[in-house]
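Geometric and topological summary
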Amino acid sequence: MKEQTQQSVRFVTVEPDLAGQRVDNFLRTQLKGVPKSMIYRILRKGEVRVNKGRVKPEYKLVADDVVRIPPVRVSEGTPGPSPKLDKIAALESQILFEDERIIVINKPSGIAVHGGSGLSFGLIEGLRALRPDANFMELVHRLDRDTSGCILIAKKRSALRHMHEQLRTGKMDKRYQALVAGQWPENRFKVKAPLRKNVLQSGERMVSVSEDGKPSETRYRILQKFDTATLVEASPITGRTHQIRVHCLHAEHPIACDPKYGDGDFDESMRQKGLNRLFLHAHSISLIHPGTEERVKFTAPLDATLTNTLKALS
């Protein structure tokens, strides 16, 4: 990115790969650690200029636009999620693959994909702190906070568009492993049930099967049978919130230790086997690489808790 400094005002020329990005989002990557409210304030006051003119926050950048970025003072102290440095450092060891376009990470259970709803720290904030020089870093898709496994991050806007198109057209293949209550039927290969999202008064999101919900489909395959449980592979054909979890419940085989859609007695028996988290893991992801155009597949190993639970069941 070509830039020149003039009395600590910066003039940044937009590279083709960042074309189409909103100027407010662009400023957030340029002014790391600066609160959103301040970014909107400098836009409103006209301190940010594009090609010498004022712009609204929703203005979409064009290649070779010249953006004037004023000097912004941030309160003393390190910006970003400093108390979580140990968590951020641990993320480095979870990276399965990285090149100039994508990162594939084995997300630990218990980390939200991004901060918000009272969380200052999420996976994407952690990765941005690990890679402070990255001009662009965005989630390609999401995983529930309690779900572990493969998640994709785009390091270029063009890569994000490429992978979003694959999600839309079904060219990306995601496989999950879930431990469910009881004996999953040999002849049950899919669950098709429309899902509706409800937000409770507490702000918590709950999803239920409902005739007026969005069409949803998950395909299933048995991996391993135990006396009181089954390890299944679940492949979501659609990508609804909590889809696999609610479809398992709908099939009367809820996932082990699911705090929202689980079965209390089954969960208690699993806790006695050492399971203290939702047993849902995004085991593999296959996609067309946005740079090479070749199909690639990434696999995330199960963590020790999940592995030990399966051993205890055997």
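Conventions and cut-offs
- Residues numbered from 1 in each chain as written.
- Predicted model: local features only at pLDDT ≥ 70, side-chain atom pairs only at ≥ 80, totals over all residues.
- Heavy atoms only, no water.
- Helix = DSSP H or I, 4+ residues; strand = E, 2+ residues; numbered from the N terminus.
- Buried < 20%, exposed > 50% of the residue type's maximum accessible area, 1.4 Å probe, protein only.
- Contact = heavy atoms within 4.5 Å.
- Lys, Arg positive; Asp, Glu negative; His and termini not counted.
- Charge placed at Lys NZ, Arg CZ, Asp CG, Glu CD.
- pLDDT = per-residue confidence, 0-100.
- Axes fitted to C-alpha atoms, helices over the stretch in contact; angles between N-to-C directions.
- Parallel < 35°, antiparallel > 145°, perpendicular 65-115°, else oblique.
- Left-handed = near helix turned anticlockwise from the far one by under 90°.
- Nonpolar A, V, L, I, M, F, W, Y, C, P; charged D, E, K, R; others polar.
- Patch = residues over 30% accessible without salt bridge, like charges linked within 9 Å, V, L, I, M, F, W, Y side chains within 5 Å.
- Areas by Shrake-Rupley, 256 points an atom, 1.4 Å probe, with all protein chains shown as cover.
- Salt bridge = Lys/Arg side-chain N within 4 Å of Asp/Glu carboxyl O.
- 1 Å grid on protein atoms, 1.4 Å probe; cavity = no way out; pocket = protein on both sides within 12 Å on 5 of 7 lines; lining within 4 Å.
- Points joined across faces, edges and corners; volume = space filled by probe spheres on them.
- Pairing = 2+ DSSP bridges.
- Phe/Tyr/Trp six-rings, centres within 6.5 Å; stacked < 30°, edge-to-face > 60°.
- Core = buried A, V, L, I, M, F, W, Y, C linked by side-chain atoms within 4.5 Å.

The subject of this paragraph is the overall build of the protein chain. When you go through the protein chain residue by residue, the secondary structure sums to eight helices and 16 strands. Dimensions of the protein chain along its principal axes, counting C-alpha atoms only, are 70 × 40 × 40 Å. Burial statistics for the protein chain: of 314 residues in total, 44% are counted as buried. Within the protein chain, contacts between residues separated by at least 24 positions form 60% of all contacts whose residues are at least 6 apart in sequence. Taking the average place of the 51 positive charges on the side chains of the protein chain and the average place of its 37 negative ones, the gap between the two points comes to 5 Å.

Our next topic: the confidence of the model for the protein chain. Taken as a whole, the protein chain shows an average pLDDT of 88; of its residues, 92% reach a score of 70 or greater. Here residues 3–7 is a poorly scored stretch, pLDDT under 50, and it has seven contacts once near neighbours within four places are set aside; other chains count. Overall, residues 75–83 carries pLDDT values under 50, and its contacts beyond four positions in sequence, including any with other chains, amount to five contacts.

To continue, consider the packing of helix α1 (residues 23–30) against helix α2 (residues 36–44). At a minimum axis separation of 10 Å, α1 and α2 run at an interaxial angle of 120°. Taken together, α1 and α2 sit at an angle that is classed as oblique. Handedness of the α1/α2 crossing: right-handed. The residues of α2 that touch α1, namely those facing V23, D24, L27 and R28, are K36, I39, Y40 and L43. Its residues assigned to classes, the contact of α1 with α2 comprises five nonpolar, no polar and three charged.

In this section: a positive patch on the surface. Taken together, the side chains of R142, K197, R205 and K214 present a region of like positive charge at the surface. Tracing the chain through its elements places R205 in strand β12 (residues 205–209).

Glancing now at the layout of surface pockets. If you add up the space inside the largest pocket, you get close to 1,600 Å³. If you trace the largest pocket, you find 43 residues lining it, with R142, D144, R240, T241 and H242 closest to the centre. For the lining of the largest pocket, the secondary structure elements donating two or more residues are α5 (157–169), β9 (173–181), β11 (195–199), β12, β14 (229–236) and α6 (243–250). Of the residues assigned to the lining of the largest pocket, the class counts are 14 nonpolar, 15 polar and 14 charged.

Now for the pattern of salt bridges. Two side chains of opposite charge can pair, provided their charged atoms sit close to one another. This model, assessed by the stated rule, comprises 18 salt bridges. Put simply, R175 and D173 hold a salt bridge, and the shortest N to O gap is 2.9 Å. According to the relative accessible area criterion, R175 is partly exposed, its value standing at 29%. The class of D173 is partly exposed, set by a relative accessible area of 28%.

Of all nine residues in β9, seven are buried; the element is thus mostly enclosed. Bridge analysis of β9 against strand β15 (residues 280–288) gives six bridges, and the strand direction is antiparallel. Paired with D173 across the strands is S286, a residue of β15. As paired elements, β9 and β14 share six bridges and run antiparallel to each other. Within β14, the position partnered with Q177 by the bridge is E233.

Summed over all chains, the structure comprises two aromatic pairs. Measuring from ring centre to ring centre gives 4.4 Å for W184 and Y220, while their planes differ by 35°; the resulting arrangement is tilted. Taken as a pair, W184 in the loop between β9 and β10 (190–192) and Y220 in strand β13 (residues 217–225) lie far apart in primary sequence, 36 residues in all. Here the two residues W184 and Y220 agree in accessibility, since each one is buried.

So, about the nonpolar core. By size, the foremost hydrophobic cluster in this structure holds 67 residues, and its most contacted members are L123, I153 and M163. Per-element accounting of this core gives the leading share, five residues, to strand β8 (residues 148–154). With residues up to four places along the chain from it excluded, the contact list for M163 reads I102, V140, L152, A154, M172, L287 and P290. Among the nonpolar cores identified, the runner-up in size contains 14 residues, and F226, A256, F266 and M270 belong to it.

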